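# Structural overview for review
What follows is the residue order along each chain.
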Number of protein chains: 2
Amino acid sequence: MSEHVLKNSEALYDRARRVIPGGLYGHQARGLLTRGSHPVFLESASGCRLKDVDGNEYIDFLCAYGPMVVGYGNESVERAAALQREACDTMNVPAPAMVELAEKLVGLTPGADWVLFAKNGSDVTTWSLAVARAATGRDNVAVVAGTYHGVHGWCNQLEKGFPGSERSTVVNFDWNDLDSLDRCLAVEGGLAAVMVTPFRHEAFSDSQLPADGFLEGVRQRCSKHGAVMIVDDVRAGFRLHLGGSSQLWGVTPDLLLYSKALANGYPLSAMLGVDSLRSAAREVFYTGTFGTQAVPLAAAVATLDFLEDRDGPSVMREQGESLCSGLREQAQAAGFGVTISGPAAIPFMTFTDDSEFALSRRFAGLCADGGVFIHPLHNWFLSTAHSAEDIEQALSITTDAFSRLAQEREG
Amino acid sequence: MSEHVLKNSEALYDRARRVIPGGLYGHQARGLLTRGSHPVFLESASGCRLKDVDGNEYIDFLCAYGPMVVGYGNESVERAAALQREACDTMNVPAPAMVELAEKLVGLTPGADWVLFAKNGSDVTTWSLAVARAATGRDNVAVVAGTYHGVHGWCNQLEKGFPGSERSTVVNFDWNDLDSLDRCLAVEGGLAAVMVTPFRHEAFSDSQLPADGFLEGVRQRCSKHGAVMIVDDVRAGFRLHLGGSSQLWGVTPDLLLYSKALANGYPLSAMLGVDSLRSAAREVFYTGTFGTQAVPLAAAVATLDFLEDRDGPSVMREQGESLCSGLREQAQAAGFGVTISGPAAIPFMTFTDDSEFALSRRFAGLCADGGVFIHPLHNWFLSTAHSAEDIEQALSITTDAFSRLAQEREG
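One structure accompanies this document, and this report is about it.

Rules of the game
- Residues numbered from 1 in each chain as written.
- Chains lettered and ligands numbered in written order.
- Predicted model: local features only at pLDDT ≥ 70, side-chain atom pairs only at ≥ 80, totals over all residues.
- Least-squares fit on C-alpha atoms with pLDDT ≥ 70 in both.
- Contact = placed C-beta atoms within 7 Å.
- Pairing = 2+ DSSP bridges.
- Helix = DSSP H or I, 4+ residues; strand = E, 2+ residues; numbered from the N terminus.
- Buried ≥ 20, exposed ≤ 12 C-beta atoms within 10 Å, placed from the backbone.
- Expected span 1.5 Å × (residues − 1).
- Right-handed = clockwise from strand over helix to strand, strands pointing away.
- Axes fitted to C-alpha atoms, helices over the stretch in contact; angles between N-to-C directions.
- Parallel < 35°, antiparallel > 145°, perpendicular 65-115°, else oblique.
- Left-handed = near helix turned anticlockwise from the far one by under 90°.

## Let's talk about the relation of the copies chain A and chain B
Overlay of chain A on chain B (RMSD 0.0 Å): rotation 180°, translation along the axis 0.0 Å. Look at the turn and shift together and you get a two-fold axis relating the two. When C-alpha distances to the rotation axis are compared across chain A, the minimum falls at Glu166(A), with a value of 2.4 Å. Interface residue correspondence from chain A to chain B reaches 100%, placing this contact among same-surface, isologous pairings.

## Re the sheet that holds strand E13 (residues 372-373) of chain A
Across a sheet, paired strands are connected by hydrogen bonds in the backbone, their directions being either parallel or antiparallel. Residues and elements named next belong to chain A. If you walk across this open sheet you meet the four strands as E1-E2-E3-E13, and the pairing is mixed. Lying at the two open borders of the sheet, with one neighbouring strand each, are strand E1 (42-46) and E13. Pairing analysis gives four bridges linking E1 to strand E2 (residues 49-52), with the strands arranged antiparallel. By the bridge assignment, Ala 45 is partnered in E2 with Leu 50.

## Points about the pairing of strand E7 (residues 193-196) of chain A
All names here are of chain A. With burial as the criterion, each face of E7 is covered, one bearing Ala 193 and Met 195 and the other bearing Val 194 and Val 196. Note: strand E5 (residues 141-144) against E7, three bridges, orientation parallel. When the sheet's bridge partners are listed, Val 143 is paired in E7 with Met 195.

## Considerations on helix H11 (residues 388-410) of chain A
The first and last C-alpha atoms of H11(A) sit 33 Å apart over 23 residues, in line with the 33 Å expected at 1.5 Å per residue. Within H11(A) the residues assigned to the buried category are Asp390(A), Ile391(A), Ala394(A), Thr398(A), Ala401(A), Phe402(A) and Leu405(A).

## So, the pairing of strand E8 (residues 228-232) of chain A
All names here are of chain A. In terms of burial, E8 is largely enclosed, as five of its five residues are buried. Covered by surrounding structure in E8 are Val 228, Ile 230 and Asp 232 together with Met 229 and Val 231, the residues of both alternating faces. Handedness of the crossover joining E7 and E8 through helix H6 (residues 214-225): right-handed. Where E8 and strand E9 (residues 255-258) come together, three bridges link them in parallel fashion. By the bridge assignment for E9, Val 231 is matched with Leu 256.

## Some points on the packing of helix H10 (residues 358-370) of chain A against H11(A)
Residue and element names in this part refer to chain A. As a packed pair, H10 and H11 sit with axes 9 Å apart at the nearest point and diverge in direction by 130°. Comparing the axis directions of H10 and H11 gives the class oblique. Handedness of the crossing formed by H10 with H11: right-handed. In contact with Leu 359, Arg 362, Phe 363, Leu 366, Cys 367 and Gly 370 of H10, H11 contributes Ile 397, Thr 398, Asp 400, Ala 401, Arg 404 and Leu 405.

Now the structure itself:
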């Protein structure tokens, strides 16, 4: 397996660095993927396959960091999007697609009575706190320490550029630790909201499922204290359960937040809420220029229909389990200790005794060289476009990557 | 002129209210347009024409609140978008379109050395403050009192749901009043940034152009005090000048913010900056799920090409001047005092002695009944799709609306 050529990627990156600070930015910033192995720019995408600007092909397990839940260029989503686009997209007031999607989501989601739409995950995490504050008249909100909820001042993990005053109403508790939440609930003035992800899926960390009773304990405490329970399902939504990921653990939040996979790559996010928060939701002014954009709304209806028709979460779990069990066997055979964490549809793998992620980076690089796109530091995503054959082909590439990694360890 | 039927709109609105708080929200909220005359939902759009869900047609002067700068469904923009979409859209890393658009914008824009992309106007107003704070090590920022810069906590005009602590680093000065800016600059710790719009275009107000020397005075003071000058060109961008609207007044900011018209309705925003802020821009972590989306980037290149080829700002100014002078004559003939304010390509009309906007609402309603879509409370927008014939036809409708309004006054 020789390292593949990334000549055009590098040439484009040279151009990019002149006109874009860092050439790439945010979670795409160079240095997060494996330099020299992962492409810097991609040229085309179809199903679960990517082609980079040098013609290298990859079986993709990142799904654009989540959005591509039914595959790149999914025919039935693109048909619905094209039909909507022919009529209209961004306008003065919405098209009927907004009502259709709202009805569809309310129908799919236990406990949800209404929906509001935005573009980014950060839009809805911030908006949901405003609704909770408007409803409760309280300012403080609790989140799990170190959890990614977006890039606004109150939650930006790097903090640089955001004054401390923007975080002054945010208190932290620990994942799977209800005692620490109890200490937050005792804060002066009480809590407007408690925001959790359905499972813990931080970059640079093994994923952690909720312990028995944890999400239920959050639910009970919120109800008791009159705080709004918010589930940030931006990353996990629609891969585990079509009614909101926390349903897997039998828990229904007051506000449920979606984005990434909602419209299979079209920019859209949504906040779903219970009836008792409807008037607070009306009182908060939140909007954006492209709020009427109809194509993402129509694409979302088609994405949800597709996932329902095929029981998408089961398909992704099954293919994810094949991938994960294959990787476990291969790691063992090659003599590597690995931890594969998270639900099978949103898995992540780390190496034992690899705190600087050197093995992870090298392994992900070897996979990219061979034609499999995984992330060394961030969880992966399955889609319904991953067939048993795709998984099998991917595993034949990862087994070579493990062998090469073992050789390098010996050498 | 009889009031037109909005039966399907009303039926959809009934459905919407069940599943969306308020049925519509944000700047689309019902009550901002004229009830019974403006449609609640639109079905299709082409050029400068809209059709609502009841089949009523409108010549549109709102342009989706700005985005549609070269017309709904512009052929050359849609051709570029389709070509990009066939290859790819949202992916793990960007497509080459990101570099192409960044190069195009840097080439078009005096003083700009780099570009970063996001989705909403609020994204870039917030992000720009973070860059300014990272660059200066200062927290406080100054904005013109009452100016709309988006919906995040630091600038949300309705405040409900956003704790005061999020606005604690924002100080206010007055439009066209450099003395008031001097008082802000004397604030303890100094200012990280001064953010202005190129002209004042608040809803519920006549627009105000910058007084002689105002923008230049802001520029000089920022340079002297080491504060970052930010021009929020989200609303006006690409209708007045293709190098940034403040170029009309000979002023080059340190950071220039675009969104609305950048990609003719595709969701995109951009922050352009000077070289001295490049490293600060790299230090701030800001991103969003759909940051790689290639179709809006390709659409933006085509939009800018189209505007350049046809000298879009001149076309829009000319058609805007025809519209405005026609309205002025009609108002005078009908015996109404009106103020038409703002640049001709982004005009707004208010009635004298109409502080509650009753005449504005009724006039906009009569225009909608006749087939012209204007906003009673918010500035309007021209596009290159408005031909001399469209303006002529629109004026034949507005003259009837003025006559009817005069009759109602007499009655």
